[in-house]
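# Coordinate analysis (summary)
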Amino acid sequence: MNIDISAKEYSVIFSKKGFNYLNNIVKNSNYSKVFLHVDNNTKKYCLDHFLKQTNLKNLELIESKDGEENKNINSCLSLWDLISSLGGDRKSLVINLGGGVVTDMGGFIASTFKRGIDYINVPTTLLSMVDASVGGKTGIDFGILKNQIGTFYDPKLVIVDPFFLNTLPKEELLSGYAEVFKHSMINDNNQFNELIIKKEISFDHQTIYKSILVKNEIVLKDKKEIKERKSLNYGHTIGHAIESLFLNTNKKLLHGEAISIGIISETYISSKLFNFPENKLKSIKSHLNSLYKKVEINELEIYDIIDLLKHDKKNSHGKVNFILLEDIGKPVYDKQVPKDLIIESLKYYLS
Ligand code: GLY
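Overview of the structure. What you see is a predicted model; the values in this text were computed from it and never measured. (Residues numbered from 1 in each chain as written. Predicted model: local features only at pLDDT ≥ 70, side-chain atom pairs only at ≥ 80, totals over all residues. Heavy atoms only, no water.)

We now examine the site of the ligand. Near the ligand, the surroundings consist of Asp131, Lys137, Lys215, Glu225, Arg229 and Leu232. Measuring from an oxygen atom of the ligand, one finds a side-chain N or O atom of Lys137 at 2.8 Å. The side chain of Arg229 places a nitrogen or oxygen atom 2.8 Å from an oxygen atom of the ligand. Isolated, the ligand exposes 200 Å² of accessible area, and the fraction of that covered by the protein chains is 88%. For the shell around the ligand, the class distribution of residues is one nonpolar, no polar and five charged. (Near = heavy atom within 4 Å. Polar contact = N/O pair within 3.5 Å; in protein donor to acceptor, adjacent residues only side chain to side chain. Areas by Shrake-Rupley, 256 points an atom, 1.4 Å probe, with all protein chains shown as cover. Nonpolar A, V, L, I, M, F, W, Y, C, P; charged D, E, K, R; others polar.)

This part is about helix H8 (residues 189–196). Inspection of H8 places Gln191, Phe192, Leu195 and Ile196 among the buried residues, and these make up the whole buried set. One side of H8 carries all its buried residues, which in axial view fall inside an arc of 125 degrees. For H8, the side-chain oxygen to backbone nitrogen distance between the N-cap and Asn190 is 3.1 Å, and the N-cap itself is Asp188. (Buried < 20%, exposed > 50% of the residue type's maximum accessible area, 1.4 Å probe, protein only. Helix = DSSP H or I, 4+ residues; strand = E, 2+ residues; numbered from the N terminus. Arc of directions from axis to C-beta.)

Moving on, we come to unusual backbone geometry. The phi torsion at Asn30 lies on the positive side, around 55 degrees, for a residue other than glycine. The residue Asn30 is located in the loop between helix H1 (15–29) and strand E3 (34–39) in this model. Assessed through its relative accessible area of 65%, Asn30 is described here as exposed. A positive phi angle, close to 50 degrees, is found at Asn147, a residue other than glycine. Structurally, Asn147 can be placed in strand E8 (residues 145–152).

Most of strand E5 (residues 93–98) sits inside the fold, with six of its six residues counted as buried. The pairing of E3 with E5 spans four bridges and is classified as parallel. Each residue of the ladder has a partner; that of His37, found in E5, is Asn96. Sheet topology note: the E5/strand E6 (residues 118–123) ladder contains six bridges and is parallel. Following the sheet pairing, Gly98 is matched in E6 by Pro123. Taking the sense of rotation as the criterion, the β-α-β connection linking E5, helix H5 (residues 100–112) and E6 turns out right-handed. (Pairing = 2+ DSSP bridges. Right-handed = clockwise from strand over helix to strand, strands pointing away.)

Under the defined criterion, the tally for this structure stands at three cavities of 30 Å³ or more. Taken as a whole, the largest cavity holds about 100 Å³ of empty space. Considering the residues around the largest cavity, the lining is formed by Leu145, Lys146, Gln148, Thr237, His240, Ala241, Ser244, Leu308, Leu309, His311, Asp312 and Lys313. Those elements giving two or more residues to the lining of the largest cavity turn out to be E8 and helix H10 (236–245). At four residues, H10 tops the list of elements feeding residues into the lining of the largest cavity. Residues belonging to the lining of the largest cavity are distributed by class as follows: four nonpolar, five polar and three charged. (1 Å grid on protein atoms, 1.4 Å probe; cavity = no way out; pocket = protein on both sides within 12 Å on 5 of 7 lines; lining within 4 Å. Points joined across faces, edges and corners; volume = space filled by probe spheres on them.)

Following this line, the structure appears as structure tokens:
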């Protein structure tokens, strides 16, 4: 079996090869129970394909509700309860079949049940393929604040099967594209130039593979996010605050939609504080604006966004820490940004 992408503790394997690997793991590991964690969408659209690709028998299905608003402790309580009442023990395995909510939350319940049981991620959205399911971060939201409770806990295996992308609406693909684009921005000009000129974006095996490679290399250098891994949060300081603000409202945004605003604003800030090239800033704004719908943000909401920044996980000693760029592939870490410049950057997005 040749591995497509190898992290230290786990592997990312594509399509049929990945499912064969999963069959072998289950055959050779003597698990007491194998739980398959789905949500209402993946049960309907992805379960059938998963079952056809594997020859796993006697799976116990455990289900959570889709949507970021359900990535919380109540859903975890239901999942722990199900696993426990179905006879789960320390030798059980959880397979997460779903998007970022399923893989983040499924990883979290596995990492804490009986102090940690094995889990495997089978991401079904572009976002979870390129970001959520690799890197070993698990977690849930706390109120409206994203990913505030969680663990670093690696899956045994990640299977990426681009087939699942056929089950997704266009907005979900676009949501994942924001992370693909971010990976290119923190990596190098080649990848960035390839993406920025495209009017029609593609989500093929090669694009996904390259994007996961960028993340994997960074995580291999700095698993616990002491330095380099922080660059994966580019666009997320402002992006997460916007996503949180609109979470339970009729302006609710998909993760990638909020991150694309974060990328534009934080690139603007980068241009003011670190001379990020003006021509690239303009291309980034017009590329992302051509893909994502324009979000109106009023004056009051701008102040709410600034207020929410104080909960960002990169903060320390009461300071809001930004990741900024001197240029494509040249991140700078833990930079403080004056409030007025943050306001100006959101106005730049809105202009
Ligand atoms: N999504 C950011 C990270 O995995 O570090």
